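Notes for the structure review
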Amino acid sequence: MPLASIPSPSQGVWHLFGVVPVRAYALCIVLGVIVAVIIGERRWRARGGAPGTIVDLAVWAVPFGLVGGRLYHVITDWQLYFGPDAPNRPIDALFIWNGGLGIWGAIALGALGVWFGCRRRGISLSAVADTVAPGIAVAQGIGRWGNYFNQELFGGPTDLPWGLEIDPDRPGTIPGVSTYHPTFLYESLWDLALALLLVWAGRRFALRHARVFALYVAGYTAGRFWIEGMRIDEAHHILGLRLNQWTSVVLFLAALAYFWYARGRTGEERILAAGPGGEPPADPAHPTGQADGHETAAADEPGAEGETGTANGTDQADEPGKTGEPGIASAGLALDTGGGADPAHPADQADGPEEPADSRKGVAEAASDGRKEKR
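Please read all numbers here as calculations on a predicted model, not as lab measurements. (Residues numbered from 1 in each chain as written. Predicted model: local features only at pLDDT ≥ 70, side-chain atom pairs only at ≥ 80, totals over all residues. Heavy atoms only, no water.)

What to know about the pattern of salt bridges
This is how it is decided: Throughout this description, the term salt bridge denotes a Lys or Arg side-chain nitrogen within 4 Å of a carboxyl oxygen of Asp or Glu. Helix and strand labels come from DSSP, where a helix needs a run of H or I of at least four residues and a strand needs a run of E of at least two; each type is numbered from the N terminus. Residue exposure (1.4 Å probe, protein chains only): buried if accessible area is under 20% of the type maximum, exposed if over 50%, otherwise partly exposed.
One pass over the full model with this rule turns up ten salt bridges. In this structure, the salt-bridge partner of glutamate 41 is arginine 45, at a minimum N-O distance of 3.3 Å. Of this pair, glutamate 41 and arginine 45 both sit in helix H1 (residues 24-46), four residues apart, roughly one helical turn. Judged by its relative accessible area of 7%, glutamate 41 falls in the buried class.

Notes on unusual backbone geometry
A positive phi angle, near 55 degrees, is found at leucine 153, a position not held by glycine. With respect to the helices and strands, the residue leucine 153 is situated in the loop between helix H6 (145-150) and strand S3 (164-165). The partly exposed category is assigned to leucine 153, whose relative accessible area is 23%. Here alanine 210, not a glycine, exhibits a phi torsion of approximately 65 degrees, which is positive. With respect to the helices and strands, alanine 210 occurs in the loop between helix H7 (183-204) and helix H8 (211-228).

Thoughts on the nonpolar core
Heads up, the rule is: Think of a nonpolar core as a cluster: buried Ala, Val, Leu, Ile, Met, Phe, Trp, Tyr and Cys residues, connected wherever their side-chain atoms sit within 4.5 Å.
In terms of nonpolar packing, the biggest core is built from 20 residues, with Ala133, Leu194, Leu198, Phe213, Tyr216 and Tyr220 touching the most fellow members. Of all the elements in the fold, those that place two or more residues in this core are helix H4 (103-121), helix H5 (125-143), H7 and H8. Of all hydrophobic cores here, the second largest spans eleven residues; its members include Trp44, Val114, Ile123 and Ala127.

Some thoughts on a nonpolar patch on the surface
Our working definition: Here the term patch refers to residues with relative accessible area over 30% and no salt bridge, with like charges joined within 9 Å and nonpolar side chains (Val, Leu, Ile, Met, Phe, Trp, Tyr) within 5 Å. Calculation of accessible area relied on Shrake-Rupley with a 1.4 Å probe; when residues are assessed, cover is drawn exclusively from the protein chains displayed.
There is a patch of nonpolar side chains on the surface, built from Leu16, Phe17, Val19 and Val20 and spanning about 470 Å² of accessible area. Along the chain, valine 20 falls in strand S2 (residues 20-23). On the basis of relative accessible area, valine 20 is assigned to the partly exposed category, the value being 43%.

Looking at the confidence of the model for the protein chain
Any residue range with low pLDDT should be treated as having predicted coordinates unsuitable for detailed reading. Rules: The predictor attaches a confidence to each residue, called pLDDT, with possible values from 0 through 100. Here, two residues are considered to be in contact whenever any of their heavy atoms come within 4.5 Å of each other.
Confidence along the protein chain averages 79 in pLDDT terms, with 72% of residues attaining 70 or more. Here residues 282-357 scores under 50 on pLDDT; set against residues more than four positions off or in separate chains, the count is 59 contacts. Taken as a whole, residues 370-375 scores under 50 in pLDDT and shows zero contacts with residues more than four places along the chain or in a different chain.

Re the pairing of strand S1 (residues 13-16)
Spelled out, the test is: Note on pairing: two strands pair once DSSP finds at least 2 bridges between them.
As defined by bridge partners, S1 adjoins S2 across four bridges and the pair is classed as antiparallel. Residue pairing across strands places tryptophan 14 opposite valine 22, the latter belonging to S2. Where S1 folds back on S2, the antiparallel hairpin that results is connected by three residues, among which phenylalanine 17 adopts a positive phi of roughly 60 degrees.

What to know about the packing of H1 against H5
For the record, the criterion: Helix axes are fitted only over the stretch in contact, all axes being lines through C-alpha atoms; the angle between N-to-C directions runs from 0 to 180 degrees. Note that the term roughly parallel is reserved for angles under 35 degrees, roughly antiparallel for angles over 145, roughly perpendicular for angles of 65 to 115, and oblique for everything else. Left-handed describes a crossing whose near helix is turned anticlockwise from the far helix by less than a right angle; the clockwise case is right-handed. We call Asp, Glu, Lys and Arg charged. Ala, Val, Leu, Ile, Met, Phe, Trp, Tyr, Cys and Pro are nonpolar, and the rest, Gly among them, are polar.
For the pair H1 and H5, the least separation of the axes is 8 Å and the interaxial angle reads 150 degrees. Taken as axis vectors, H1 and H5 run roughly antiparallel relative to one another. The crossing of H1 and H5 is right-handed. Listed contacts from H5 to Cys28, Leu31, Gly32, Val33, Val35, Ala36, Ile39, Gly40, Arg43 and Trp44 of H1 are Ala127, Val128, Asp130, Thr131, Pro134, Gly135, Ile136, Val138, Ala139, Ile142 and Gly143. Its residues placed into classes, the contact of H1 with H5 shows 14 nonpolar, five polar and two charged.

A closer look at the packing of aromatic side chains
Using the following cut-off: Two aromatic rings from Phe, Tyr or Trp, using only the six-membered ring of Trp, form a pair when their centres are within 6.5 Å; if the ring planes differ by under 30 degrees the pair is stacked, by over 60 it is edge-to-face, and anything between is tilted.
With the rule as written, the count across this model stands at 18 aromatic pairs. An angle of 75 degrees between the planes, with centres 6.1 Å apart, marks the rings of tryptophan 14 and phenylalanine 149 as edge-to-face. Taken as a pair, tryptophan 14 in strand S1 and phenylalanine 149 in helix H6 lie far apart in primary sequence, 135 residues in all. With 6.1 Å between their ring centres and 40 degrees between their planes, tryptophan 60 and phenylalanine 116 make a pair best called tilted. With tryptophan 60 in helix H2 (residues 53-76) and phenylalanine 116 in helix H4, this pair connects stretches of sequence that are 56 residues apart. Every member of this aromatic cluster is reached through a ring pair, and the members are Trp14, Trp145, Tyr148, Phe149 and Phe184.

Okay, structure coming up:
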């Protein structure tokens with residue numbers, strides 16, 4: 001008998017007013033989703049995205065993820081529901097609150113739901129994936145506590161002080177053994193540490209184009225491989241390894257391959273939804289009126305206040321009676337005519353070669369002499 005151990009909850013279901021069941025497993029999943037959305041929203045706004053985007057995408061991701069997670073569990077453990085000696089009824093396959101979600105299916109179909117949502121909003125899936133990756137890790141860490149309340153998915157026997165007490169009548173227990181490795185706790189701590197690593201690595205190395213998400217997949221599967229090997233619940237084995245271990249190996253290699261493949265990607269990732277007409281949103285780096293030289297400014301219209309012809313490359317200031325210097329507009333320069341100087345070109349710092357000071361002085365003197373003669 002170990003000197004210390006972690007007791008398991010006596011029950012995982014409570015009934016409100018003696019009628020409405022409240023299941024700890026479901027509460028852990030819901031809490032994990034809420035925390036993941038909050039983290040994702042904060043990270044998305046910090047990146048410059050519109051508030052509410054991650055909440056809207058969660059409406060797609062959560063139901064898709066729950067269906068995918070349950071499908072993976074039922075497909076890989078079909079004998080629990082449809083075998084000749086199945087301990088559960090076939091209808092129990094729909095009772096998600098009794099436990100049984102495969103993370104691989106949840107991530108796969110959840111990502112499909114996010115993809116649909118991103119297409120509707122016109123934003124980049126890779127940008128969203130990098131944003132929500134740490135929150136997903138945290139959500140998994142919280143969700144694993146549902147296994148604690150259900151007394152399931154524990155590891156082999158142990159006498160360590162943090163051994164988990166399991167009731168002797170639970171599936172997978174060994175006669176005469178009372179404490180087991182708390183694999184739920186191992187994975188929960190691993191997921192929380194992984195979330196911190198993702199935040200640090202994303203900022204330190206400016207990871208983009210779903211490389212943070214790839215790092216999440218690689219980090220999670222690395223931990224899942226050894227934790228999965230500690231579990232003693234029933235599972236399919238291939239060449240001495242559990243099915244989830246083989247899945248971890250495949251996904252780990254795929255994540256590393258993508259992380260390396262995407263290292264040179266520098267394209268733009270759209271984080272703002274398209275406008276009503278489908279046009280791309282304004283570039284935050286170029287406020288209105290500071291185009292790169294490809295758009296037509298409103299000031300080109302006759303009578304508009306400010307420089308004429310500064311955006312379309314046509315020097316309308318050369319016509320008689322118009323203010324301005326010939327050739328300035330075609331050179332892409334902005335003059336200070338009451339609308340403010342171009343921030344990229346402070347006063348007297350044009351791109352082209354300036355006239356000698358003596359030449360400018362001579363022009364000024366000639367203009368002055370002309371005005372005196374008219375008087």
